[in-house]
Structure formats: C-alpha cells, structure tokens
Amino acid sequence: MLIREIKDILEAKVLCGEDLLDTEVKSACGSDLMSDVLAFVKEQSVLLTGLMNPQVVRTADMMDMRCIVFVRGKEPEQSVVELARQRDIVMMTTAQRMFVACGKLYSAGLVGNS
Amino acid sequence: MEKLKLHYDVDGEDFTSAGEASTDVKRVLRRLGFDSDTMRRVAICMYEGEINLVIHGGGGVADVEVDENEIVIVLVDHGPGIPDVEQAMQEGWSTASQTVRELGFGAGMGLPNMKRYSDEIAIESTVGEGTTVTMKIRPAG
C-alpha cells in the first residue's frame with residue numbers, strides 16, 4: 001500500500017512529507033506506549049498513535065518507520081512536525097479513533113506482522 | 001576498522017531532547033555500513049538507556065565504542081540507584097512517575113527491552129550513588 005492510500009482511507013491531513021506519499025508500506029502498528037513499539041515491532045513501517053510528543057518521532061526513527069498517523073484529530077506542536085520532516089517521515093492526522101483507523105487500514109490490506 | 005569512540009552528555013532535565021544521542025549513534029553506524037538489524041538493536045538499547053538516564057538517573061553520560069565485531073554502550077548516572085536489579089529487570093515493574101507514563105514510557109519495559117536486544121548486559125547499581133549499565137551488541141554473521 002502507498003502512504004497516499006492511507007491518507008485517502010483515513011481522510012487524513014498531511015502535516016509533513018507531502019513529497020513522500022508514494023512510498024510503499026506493508027505493515028503497521030497502533031500504540032500509545034512507545035516502549036511497547038520498541039519491544040514488539042519488527043518491520044512495521046506505519047505507526048498510529050494518540051501521543052504527540054517528540055519521542056513518538058524518535059521511536060519511529062529508531063524503528064525505521066516511514067509514516068506516523070495521529071488519531072482522534074490530534075495535531076502536535078510544530079517542533080514535533082519539524083523533527084519528522086528532518087527524518088523524512090510522513091506525518092498526518094485523522095479524525096478517526098484508533099480502533100476504527102486500524103480496522104480500516106487492516107481491511108484494506110495493511111497487515112500487522114507479529 | 002579502527003575502534004571508534006563516541007561520548008555524549010545526557011541532560012536530565014530535558015525529556016524532549018532524550019534520544020538525540022541515540023539518533024547520532026544510529027547515523028554513525030549507518031555511515032559505517034552496519035546492517036539494519038544491528039543498527040536497530042543498538043538504537044533501541046541506546047534509546048531506552050537514554051530515556052532511563054533522563055527519567056531515573058537525573059542525567060548522565062553515554063560512551064559508545066564501535067568496531068566491526070562489537071558495539072559497546074556504557075551508560076553512567078549518579079541518580080538514586082536501583083535497590084533490586086532483578087526486580088527492575090521484570091517486564092512491567094516500574095517506579096516512573098505518572099508524567100513519564102503519559103509521555104509513552106515508564107511501563108517497565110526499558111531494562112527488559114535493553115536485555116532483549118543486546119547480546120550481553122551488565123548492571124551495577126549502588127543505592128544513593130548511581131547506576132552503570134553496560135551493553136554489548138554483536139552484528140549477526
């Protein structure tokens with residue numbers, strides 16, 4: 001799936017990385033606990049979360065993730081967006097709640113990989 | 001490869017900048033041509049360690065030595081120390097504050113994660129004096 005399709009499925013607003021929307025991603029995870037992302041994530045390239053601090057970007061960066069989606073309509077401070085921009089990570093926000101956002105992407109073929 | 005030594009001071013007051021040293025280590029390993037699995041393992045160990053320095057240790061120093069066979073990370077703080085290291089190694093055990101938990105950490109996964117992703121880990125801690133964590137990560141193959 002292309003990141004552009006995630007944007008369309010979740011009717012999301014892109015906060016940075018507009019030029020990277022044609023990047024292919026295969027799997028995703030949803031979590032508000034960054035230590036769990038570090039513990040259990042393997043090759044997932046999309047992170048859905050309700051957390052908005054800089055550590056979300058750093059965690060994604062450590063795990064080589066390509067896209068962060070904020071759920072429940074959350075928008076982080078500009079400095080957090082800038083951190084993602086510097087790391088070539090696409091950042092977007094959707095009004096969908098976590099469960100629904102994950103469900104929609106899973107139904108569309110994005111898997112979880114355990 | 002000649003042994004490369006990196007040194008970082010980790011600010012104990014600033015949670016927002018926690019992870020900068022880990023980002024730099026990962027960048028150095030990428031430049032040196034390490035495989036992505038090794039880079040990720042080192043980055044996770046270093047990052048969890050850095051978070052611990054900030055949220056528990058009141059800041060500290062991180063020293064990293066890199067050669068092609070092994071990456072050694074040594075984290076030193078002069079914080080309160082860990083009374084029971086065995087207990088601290090258990091998943092879910094945490095003394096972190098509610099504030100730290102709201103930031104997505106402090107769930108008792110830090111030390112277990114560091115153990116999970118390193119080949120060797122040694123923790124020396126004295127209550128009232130501080131903690132030294134040494135981790136060794138060896139590239140596969």
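Report on the accompanying structure.

Conventions used here
- Residues numbered from 1 in each chain as written.
- Chains lettered and ligands numbered in written order.
- Predicted model: local features only at pLDDT ≥ 70, side-chain atom pairs only at ≥ 80, totals over all residues.
- Heavy atoms only, no water.
- Helix = DSSP H or I, 4+ residues; strand = E, 2+ residues; numbered from the N terminus.
- Rg over C-alpha atoms; globule rule 2.2 N^0.38 Å.
- Buried < 20%, exposed > 50% of the residue type's maximum accessible area, 1.4 Å probe, protein only.
- Areas by Shrake-Rupley, 256 points an atom, 1.4 Å probe, with all protein chains shown as cover.
- Contact = heavy atoms within 4.5 Å.
- Lys, Arg positive; Asp, Glu negative; His and termini not counted.
- Charge placed at Lys NZ, Arg CZ, Asp CG, Glu CD.
- Buried area = accessible area lost by both parts, 1.4 Å probe.
- Salt bridge = Lys/Arg side-chain N within 4 Å of Asp/Glu carboxyl O.
- Nonpolar A, V, L, I, M, F, W, Y, C, P; charged D, E, K, R; others polar.
- Pairing = 2+ DSSP bridges.
- Axes fitted to C-alpha atoms, helices over the stretch in contact; angles between N-to-C directions.

What follows deals with the overall build of chain B. When helices and strands are counted, chain B shows five helices and five strands. For 141 residues, the compact-globule estimate of 2.2 N^0.38 gives 14 Å, and chain B sits close to it at 14 Å. Projected onto its principal axes, the C-alpha positions of chain B cover 40 × 30 × 25 Å. Looking at the 141 residues of chain B, the share that counts as buried comes to 50%. For chain B, the exposed area adds up to about 6,800 Å²; of that, 46% sits on carbon and sulfur atoms.

We now examine the overall build of chain A. Check the secondary structure of chain A and you find five helices and five strands. Going residue by residue from the N terminus, the α and β elements of chain A occur as α-β-β-α-β-α-β-α-β-α. The C-alpha atoms of chain A give a radius of gyration of 12 Å, which matches the 13 Å a tight globule of 114 residues would have. With respect to the three principal axes, the spread of C-alpha positions in chain A is 35 × 30 × 25 Å. Residue pairs in contact within chain A that sit at least 24 positions apart in sequence constitute 52% of those at least 6 positions apart. With the model as given, the accessible surface of chain A reaches about 5,000 Å², and the carbon-plus-sulfur share is 50%. Charge-centre separation for chain A: the mean point of 13 positive side chains lies 4 Å from the mean point of 16 negative side chains.

Bringing the interface of chain B and chain A into the picture now. Interfaces are often described in size by the accessible area the parts lose on coming together. The interface is formed by 25 residues belonging to chain B together with 22 residues belonging to chain A. A combined buried area of about 1,900 Å² lies between chain B and chain A, and 51% of that area is made up of carbon and sulfur atoms. Along the contact surface separating chain B from chain A lie four salt bridges. Elements represented by at least two residues in the side of chain B that touches chain A include exactly α1 (20-32), α2 (36-55) and α5 (110-117) of chain B. Broken down by element, the side of chain B that touches chain A gets its largest block of residues, six residues, from α2(B). Split by residue class, the side of chain B that touches chain A holds 11 nonpolar, seven polar and seven charged.

Residue and element names in this part refer to chain A. What the five strands build is an open sheet, ordered β1-β5-β4-β3-β2; its pairing is mixed. Each having just a single partner strand, β1 (13-16) and β2 (28-30) make up the two edges of the open sheet. Neighbour to neighbour, the strand axes of the sheet diverge by 20° on average, direction disregarded. Where strand β4 (residues 67-70) lies against strand β5 (residues 90-93), four bridges are found, and the strand directions are parallel. Looking across to β5, one finds that F70 is bridged to T93. On top of the sheet, helix α3 (residues 54-62) reaches β3 (46-49), β4 and β5; it is set at about 145° to β4, its chief contact. Of the strands in this sheet, β1 and β5 touch helix α4 (residues 78-86), which is tilted by about 75° from β1.

When you line up the elements, S79(A) lands in helix α4. Note: C-alpha distance between S79(A) and A28(A) (51 residues apart in sequence) is 24 Å.

Residue and element names in this part refer to chain B. Reading across the sheet, the five strands line up as β1-β2-β3-β5-β4 and stay open at both edges, with antiparallel pairing between neighbours. The open sheet has two edge strands with one neighbour each: β1 (4-11) and β4 (120-126). Strand-to-strand twist in this sheet, taken as the mean axis angle between neighbours without regard to direction, amounts to 10°. Alignment of strand β3 (residues 70-77) against strand β5 (residues 130-137), held across seven bridges, turns out to be antiparallel. Paired with V74 across the strands is T134, a residue of β5. Against the sheet, α1 contacts β1, β2 (59-67) and β3, and its axis sits at roughly 160° relative to β1. Contacting β1, β2, β3 and β5, α2 crosses the sheet at an angle of about 5° to β3.

None of the figures reported here should be taken as evidence of function without further support.
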